[in-house]
Amino acid sequence: MSQINWYPGHMARARRLLEGQLRAVDAVVELCDARAPLATRNADLARLTRGKARLLVLNKADLADDAQTARWLESFRREGLTAMRFNANGGKGRDVLAKIEQALRPAAERYAARGVKKTLRAMVVGIPNVGKSSFINRIHGGGIAKTADRPGVTRSNQWIKINPYLEILDTPGLLPPRLNDQSAAKLLAYLGSIRDQIMDSEALAGELLSLLMQIAPDAARARFKLSAGDGAAPHELLEDACRGRGWLLSGGRCDLDRAAALVLDEFRAGKVGKITLERPKG
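> How should I be thinking about the pattern of salt bridges in this particular structure?
Between side chains of opposite charge, a pair can form when the charged atoms approach closely. Under the defined criterion, the tally for this structure stands at 11 salt bridges. In this structure, Glu167 and Arg121 form a salt bridge, with 2.9 Å as the shortest nitrogen-oxygen distance. Residue Glu167 is found in strand 6 (residues 166-170), and its partner Arg121 is found in strand 4 (residues 120-125); the two are separated by 46 residues along the sequence. For Glu167, a relative accessible area of 17% gives the class buried. The shortest N-O distance in the salt bridge between Lys161 and Glu167 comes to 3.9 Å.

> Where do I start with helix 10 (residues 256-268) in this structure?
Spacing of three or four residues puts side chains on the same side of an α-helix, whose turn is 3.6 residues. For helix 10, built from 13 residues, the straight-helix expectation of 18 Å at 1.5 Å per residue is met to within 8% by its first-to-last C-alpha distance of 18 Å. Looking at helix 10, one finds that the buried residues are Ala259, Ala260, Val263, Leu264, Glu266, Phe267 and Arg268. Here the buried face of helix 10 lies against helix 6 (182-191), helix 7 (201-215), helix 8 (217-224) and helix 9 (234-245). Just beyond helix 10, the residue with positive phi is Gly270, at close to 80 degrees.

> Help me understand unusual backbone geometry, please; the structure alone is not making it clear to me.
Outside of glycine, negative phi angles account for most residues, and trans bonds account for most peptide bonds. Residues other than glycine seldom take positive phi values, yet Asn129 does so here, at roughly 65 degrees. Within the element layout of this structure, Asn129 appears in the loop between strand 4 and helix 5 (132-140).

> Can you help me understand the side chain of Glu30 in this one?
As for its position among the elements, Glu30 is in strand 1 (residues 27-33). You can call Glu30 buried: its relative accessible area is 4%. Setting aside residues up to four positions removed in sequence, Glu30 forms contacts with Arg41, Asn42, Arg54, Leu55, Leu56, Val57 and Val125.

> Even after reading the chapter, I still don't get the packing of aromatic side chains, so can you show me in this structure?
Two aromatic rings, taken as a pair, are described by how far apart their centres are and by the angle between their planes. Within this structure, the stated rule accounts for two aromatic pairs. Measuring from ring centre to ring centre gives 5.7 Å for Phe86 and Phe135, while their planes differ by 80 degrees; the resulting arrangement is edge-to-face. Of the two residues, Phe86 sits in the loop between strand 3 (83-85) and helix 4 (93-113) while Phe135 sits in helix 5, which places them 49 residues apart along the sequence. By relative accessible area, which is 0% here, Phe135 ends up buried. The lysine or arginine in question, Arg121, covers the ring of Trp159, its NZ or CZ lying 3.9 Å from the ring centre.

> Before we go on, may I ask you to explain the environment of Thr119 in this structure?
Residue placement: Thr119 occurs in the loop between helix 4 and strand 4. Once the C-alpha coordinates of Thr119 and Pro164 are considered, the two residues, 45 residues apart in sequence, prove to be 6.9 Å apart. Not counting chain neighbours up to four residues away, the residues in contact with Thr119 comprise Lys161, Pro164, Tyr165, Leu166 and Glu167. A polar atom in the side chain of Thr119 sits 3.4 Å from the backbone oxygen of Pro164.

> Could you clarify how one ought to interpret the packing of helix 6 against helix 7 in this entry?
Packed helix pairs are characterised by how far apart their axes lie and by the angle those axes make with each other. One can describe the packing of helix 6 onto helix 7 by two numbers: an axis separation of 10 Å at closest approach and a directional angle of 105 degrees. Overall, the two elements helix 6 and helix 7 adopt an arrangement that is roughly perpendicular. Residues Lys186, Leu187, Ala189 and Tyr190 of helix 6 touch helix 7, and the partners they reach there are Leu204, Glu207, Leu208 and Leu211. Residues belonging to the contact of helix 6 with helix 7 are distributed by class as follows: six nonpolar, no polar and two charged.

> Sorry, what's going on with the nonpolar core here?
Generally speaking, soluble globular proteins have nonpolar side chains that are buried together. Judged by nonpolar contacts, the single largest core of 63 residues is most densely connected at Val57, Ile100, Phe135, Phe224 and Phe267. Take this core: its biggest share by element is seven residues, from helix 7. Apart from residues no more than four positions distant in its own chain, Phe224 is found in contact with Leu209, Leu212, Ala241, Gly244, Arg245, Trp247, Val263, Glu266 and Val272. Among the nonpolar cores identified, the runner-up in size contains 11 residues, and Ala34, Trp72, Leu73 and Phe76 belong to it.

> How should the confidence of the model for the protein be read in this particular structure?
Note that predicted coordinates carrying low pLDDT should not be read in detail. On average, the protein scores 86 in pLDDT, and the residues at 70 or more come to 87%. The model gives residues 147-155 a pLDDT under 50, and that stretch makes 28 contacts with residues more than four places away or in other chains.

> Would you take a moment to explain the pairing of strand 2 (residues 53-59) for this structure?
Each regular strand shows side chains that alternate between the opposite faces of the sheet. Taken across its seven residues, strand 2 has five buried, putting it largely inside the fold. Taken together, the seven bridges between strand 1 and strand 2 define a ladder with parallel strand orientation. Counterpart to Val28 in the pairing with strand 2 is Arg54. This β-α-β element, strand 1 to helix 2 (residues 43-48) to strand 2, shows right-handed connectivity. The sheet contact formed by strand 2 and strand 3 spans three bridges and is parallel. In the strand pairing of strand 3, Leu56 is matched with Ala83. As a crossover connection, the stretch from strand 2 through helix 3 (residues 66-78) into strand 3 is right-handed.

Rules used in this analysis
Residues numbered from 1 in each chain as written. Predicted model: local features only at pLDDT ≥ 70, side-chain atom pairs only at ≥ 80, totals over all residues. Heavy atoms only, no water. Salt bridge = Lys/Arg side-chain N within 4 Å of Asp/Glu carboxyl O. Helix = DSSP H or I, 4+ residues; strand = E, 2+ residues; numbered from the N terminus. Buried < 20%, exposed > 50% of the residue type's maximum accessible area, 1.4 Å probe, protein only. Expected span 1.5 Å × (residues − 1). Contact = heavy atoms within 4.5 Å. Phe/Tyr/Trp six-rings, centres within 6.5 Å; stacked < 30°, edge-to-face > 60°. Lys NZ or Arg CZ within 6 Å of the ring centre and 35° of its normal. Polar contact = N/O pair within 3.5 Å; in protein donor to acceptor, adjacent residues only side chain to side chain. Axes fitted to C-alpha atoms, helices over the stretch in contact; angles between N-to-C directions. Parallel < 35°, antiparallel > 145°, perpendicular 65-115°, else oblique. Nonpolar A, V, L, I, M, F, W, Y, C, P; charged D, E, K, R; others polar. Core = buried A, V, L, I, M, F, W, Y, C linked by side-chain atoms within 4.5 Å. pLDDT = per-residue confidence, 0-100. Pairing = 2+ DSSP bridges. Right-handed = clockwise from strand over helix to strand, strands pointing away.

Below you can see the structure in the form of structure tokens.
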């Protein structure tokens, strides 16, 4: 598969918007994907938000391996980060809201010491398609932020009032300017954080199947009816899935376009199982 690199003009604008709004917030809530917590964190965000109270949320935890998520949380805690697991599509908003309020407590105490009573502000940041708008909708209790299961839906900053004492800023997803680590870039592509239209979807789906055969072979074989032996090439696995699932054209030819789309869609939706693509060290 060719090298992945994506930094369209709207992402450069998103970075400028984020930098401009940082002075107006008291805390930063960073979302990553629990299935790939390192690859889905933007190192630029850590640098840009330095000095702010921070909460790291491992979102989409319902799609990840529970034991691996627990290991990741412990790893981040050892680094001194306040981290929690969450499912923006079904989690309890009050739990994460309590964590946000905890992160904001030092700012509230500073204002109180000066006799200032003001609405506190937190910014939600993360890469595209990590679930920021769904996260905000969950803690707000209604569909106030625009969502879709594809990257790039949020194109501008949006202030959302959660309660009389708290406002949340929804920001566009932000990828680093250059995806130098191609292994991490592939993980982003598997998860749908980079637009499929700019990639060879057949190669991407084949390589995803190859990775799944390494980390969750039983689940991959069961879902895609794979019969190929260990060490099969990515394109062989995709063709095997075509035959196993009946994704065929006239004459028994493999419908590779359909196969690629369904392999990616079914993995992203959690239909292959609760799978974590990255393991913490140690």
